Amino acid sequence: MADIWLREVAEQFGVRGPLRRLGGEYDLNFRGETAEGDVIVKAMRPRGEAALVEQQCAAIRHALAADPALPLPCLLPAEEVRVWREVTDEAGHRRMVWVQRAFTGIPMGEAGPQSPAFLSELGALTARLDLALRDFTVTPSPDAAKWDLTRAGWIKPHLDLLDGSRRGLVAGIIAAYEALAPSLARLPRQTLHNDLNDFNILVEPRLGEPARISGLIDFGDMTIGPRVCEIAITAAYAILDHETPEAALAAFVAGYHAVSPLSAEEIDLIWPLTRMRLAVSVVNSTIEARGRPDDPYVTISQAPAWRLLENAAIDGELMGPRLRNACGLPVTDAAGRIAAWIAGQRGRFAPVLGRPLDDLPAGSLAVAEATIPQNPFHLRADEARHLGAGIGVTAEWWLGHYGEPRLVYTDKAFRKGPWLASNRRTIHMAVDIFAPAGEPVRAPLAGRVALAENRTGHLDYGGVVILEHRTPDGDVFHTLYGHLAAKVPAGLTPGQEIAAGEAFAELGPAGENGGWEPHLHFQLALTLNGMGHDWPGVADPDDWALWQAICPNPAALLNLPDARVAYRPVDEEALLAERKVRFGANLKLSYKRPVTFLRGWRHHLFDTMGRPYLDAYNNVPHVGHAHPRIRKVAMDQLARMNSNTRYLHPAPMALAERLTAKLPKELEICFFVNSGSEANELALRLARAASGGYDIVTPDHGYHGNTTGAIDISAYKFNKPNMGGRKPWVQLVDVADDYRGRFRRDDPDRAQHYAQQVDGALAAIVERGGKVAGFIAETFPSVGGQIIPPPGYLAAVYERIRAAGGICIADEVQTGLGRLGDYYFGFEQQQVRPDIVVLGKPLGNGHPIGAVITTRAIAERFAEGPEYFSTFGGSNLSCRIASEVLDIVEEEGLSANARAMGEHLLSGLRALAQHHSIIGDVRGIGLFLGLELVEDRDTRVPATEAAAHVMNRLREMRILVGREGPADNILKIRPPLTIAADDVGMILDRLRICLREVEAARR
Ligand SMILES: Cc1ncc(COP(=O)(O)O)c(C=O)c1O
């Protein structure tokens, strides 16, 4: 029977093939195919009114006439006014049936949370739809009444269906809603779509750019109301499960405002209305769930709404100012007036510390300037007590900047997420006046005490007072005085009048002021919305525009020009522009949006605003960025001397001893150089001197450095355009990639098969009349794609090379010094003993030093040539630093950490691979890991674009990883050896989100 009526529908509208049922609350929706493409067949509820269908069609046509570019349904047949037909369904009910051209894309609800750029576009589109519907006249359907946000109070009698805490929560939302009813009633009304929920917005996710909004559908719930209802309804669903719902809402509202400006009064209604819409949704579902107690879907579908409603991290009070700020309006109606009045009084305020401040020096604690705290995750007590000394300020009186990003706020309370690299509040919202303890503090203008208390926590305010002031116009604002003496609060009572210039407090000593060098933290707030009891004194850089508007520069109250105390941020645009002027275009920057780093600590880096990033990429800072022991040893040696290997000095001896102790005993002669490239150049000379040959066998896609000789043996470079290709004395063999290469893991003899290619290379050398000097390979090829060759590979290669009189060189620049956990050098894993080992990158932890270690026999043949000398190689400083690196690896157990964290990462990545088919391969040992992305697991077509997206997205999410392989589709994870379990958790968590995004974009 069902088939018969659907067949009739199909005939009426020229639909070919079967109709597929889609979702829908009352009406039936089907997808089918016509000669004009895919269509959606809408079969209205039985006894539906023709007028309602006609109204929807008319609204769509009206909106399209006003704004033809709106992505609205195209009605078929397009030329007919009356598009619907009547068909009897399988139950004998007459249904109106009509057809629209189908959209591409998927419901926004299936695509997952969207970027701020997308939300801003959605806001703009919502505004355009509202403008297009403005003068359309609608008769709301009776079924839509419960979704009319101006009449949402109907949920109140159903509150008792909710359990205790939720009942209270929703009661609060209703109370707030009732309080705004008069404002709502004052607003002009118009026709609204009224149901732009996450399934009525269709999107086409795209890699690396915001999803395209392909359709706004379902005009069945149109109503008449203020446009803020439309905004609140759309927003309620658009920000569900967003990690930063406040920022998401702000982006959406700003997008709307840019197209159709909102008044401040309207903006203030948006958040309470958004919550009310979600309350209606959860109450409605709870009512429905009563009728369908066995249907878990009803409850599950409400989970995101409850999560948003119950999200304690959202500061509702701050939402009004936040949304106003996002739209470029003052945070409160009075804010602009207050700021202007204060600015106008500059020079007339009583001096806060009893003296003019304009002659005081300023000291900077900025990320860009200061090196305190040494550990940006832990400000030491002595650092806090001697801030000035820490930045070279010798004066007792000095000023600290407003708007300055600082790393001194290290307590967990300043962190905004679970990880060390989560957002963190860094920007100082006050002016600091450093002065001796005991200095009296005076009110710059008359006020009354709003708060006086002693906050005794370490690095808190100690004594703190907030004064309330009033402008002559009656606008209220507040000033805060932090780090006062402990006795101050007891001497003040809330409400107490303080005269202008009255000394109402005094600066506290470190023992009373939270442990800081004595100073006054002087902050202005134009509104108390969002300030809470604690008054945040520092802001998250991502929220700085908002906080700057709430707590502007208080310089005028100190009778200072704003610029005198305003921090001037590092101009990254200028840096970028300058770089383009000063450097060649092939000196590449990482990431689509380059990043500036100014500080580092262990496996984290900090940008100009003090935002922390997890460094999961850099292997040079082997024992971690800014290691205090490296700094100490470098400073010590620089204080003594720094010269070359022409003089005797214990440092090169000590390093040679440490290195050789880690190597097979026959590798006993060391050469120290400046870089991996120089080391490989030397390795080639050694091999040639010892073998009498010139030709080199090396795997494809290898990289050994940037010098002419090193490039000659680096297929990764010489095969690039304009590089001249392979020299006749270089023979390439396949890289032993058993995932993608010629011989794969299903072949038990793959190691032998790869090694056999050396025979061909040797034969080619003979054929051209050459003689082999040796074989060079990165033990685990890195730029070739983080490859772990199959067991037995190098042994079989070395055997062949040695039989032909060649020397075996292991380039351990990437793999040496403990990165692999179980193996101090990569060749140990391959169970071979090279004749020459090359070291670089990690050896100096960022200081330029490389090493070549070889046998006595080879060194002796080399010594038959001219003097060997490298000016900087083996300097006293370099050798001491390198020895310290080796000691730190040992003493901090970093190899063991590399093993444990590597295993943790590998198992997490493998678990991800079970859910994400884009992961073709997970490989690696220790902290040398690769994640190969493929379009299809069978064809293994490289997913290059996806890998680029993931790498750039991870950077946005504050994780640095790289990309390697001939097709650039392998994500390279290669952090400093200090990485910890929490950081691994962050990588896996964020990676999961990126992979979901990639998969959404390819559906
Ligand atoms: C395996 C390998 N060898 C040699 C080098 C060259 O080292 P450098 O850049 O210090 O000259 C590199 C650099 O990336 C490398 O990865």
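Before reading further, recall that the structure is shown in the block above.
Here we summarise the structure given alongside this text. (Residues numbered from 1 in each chain as written. Predicted model: local features only at pLDDT ≥ 70, side-chain atom pairs only at ≥ 80, totals over all residues. Heavy atoms only, no water.)

### Details of the sheet that holds strand β24 (residues 597-601)
If you walk across this open sheet you meet the 4 strands as β24-β25-β26-β36, and the pairing is mixed. Edge positions in the sheet fall to β24 and β36 (959-960), since each has one partner strand and no second. (Pairing = 2+ DSSP bridges. Helix = DSSP H or I, 4+ residues; strand = E, 2+ residues; numbered from the N terminus.)

### Here we look at the sheet that holds strand β27 (residues 667-673)
With mixed pairing, 7 strands are arranged side by side in an open sheet as β27-β33-β32-β31-β30-β28-β29. The two strands at the open ends of the sheet, each matched to only one other strand, are β27 and β29 (730-733). Going across the sheet, the axis of each strand differs from the next one's by a mean of 20°, ignoring polarity. Packing against the sheet, helix α22 (residues 750-767) makes contact with β28 (695-699), β29 and β30 (772-778), and its axis sits at approximately 160° to β29. (Axes fitted to C-alpha atoms, helices over the stretch in contact; angles between N-to-C directions. Contact = heavy atoms within 4.5 Å.)

### A look at the site of the ligand
Residues in contact with the ligand, as listed here, are Ser675, Gly676, Ser677, Asn680, Tyr703, His704, Gly705, Glu778, Asp811, Val813, Gln814 and Lys841. One nitrogen or oxygen atom from the side chain of Ser677 is found 2.4 Å from an oxygen atom belonging to the ligand. Separating a nitrogen atom of the ligand from a side-chain N or O atom of Asp811 is a distance of 2.7 Å. When the ligand sits alone it has 390 Å² of accessible area, and the protein chains cover 85% of it. If you map the ligand onto the pockets, it falls in the second largest pocket. (Near = heavy atom within 4 Å. Polar contact = N/O pair within 3.5 Å; in protein donor to acceptor, adjacent residues only side chain to side chain. Areas by Shrake-Rupley, 256 points an atom, 1.4 Å probe, with all protein chains shown as cover. 1 Å grid on protein atoms, 1.4 Å probe; cavity = no way out; pocket = protein on both sides within 12 Å on 5 of 7 lines; lining within 4 Å. Sits in = over half its atoms within 2 Å of the grid points.)

### Brief notes about the layout of surface pockets
One number sums up the size of the second largest pocket: a volume of about 2100 Å³. Taken together, 50 residues form the lining of the second largest pocket, with Lys588, Ser590, Tyr617, Tyr716 and Glu964 sitting closest to its centre. Elements supplying a minimum of two residues to the lining of the second largest pocket: α19 (676-691), α21 (715-718), α28 (944-956) and β37 (962-964). Of the residues in the lining of the second largest pocket, the class split is 18 nonpolar, 18 polar and 14 charged. (Points joined across faces, edges and corners; volume = space filled by probe spheres on them. Nonpolar A, V, L, I, M, F, W, Y, C, P; charged D, E, K, R; others polar.)

### Thoughts on the environment of Gly511
Structurally, Gly511 can be placed in the loop between β21 (503-506) and β22 (519-525). Residues Gly511 and Ala486 lie 25 residues apart in sequence; the distance between their C-alpha atoms is 9.1 Å.

### A few points about empty space enclosed by the protein
All told, the structure shown has 4 cavities of 30 Å³ or more when counted by the stated rule. Of the pockets and cavities examined, the largest cavity occupies roughly 60 Å³. Pro699, Asp734, Val735, Ala736, Ala777, Glu778, Thr779, Pro781, Ile787, Pro789, Tyr793 and Leu794 together form the lining of the largest cavity. Contributions of two or more residues to the lining of the largest cavity are made by β30 and α23 (793-803). Of the residues contributing to the lining of the largest cavity, the split by class is 9 nonpolar, 1 polar and 2 charged.

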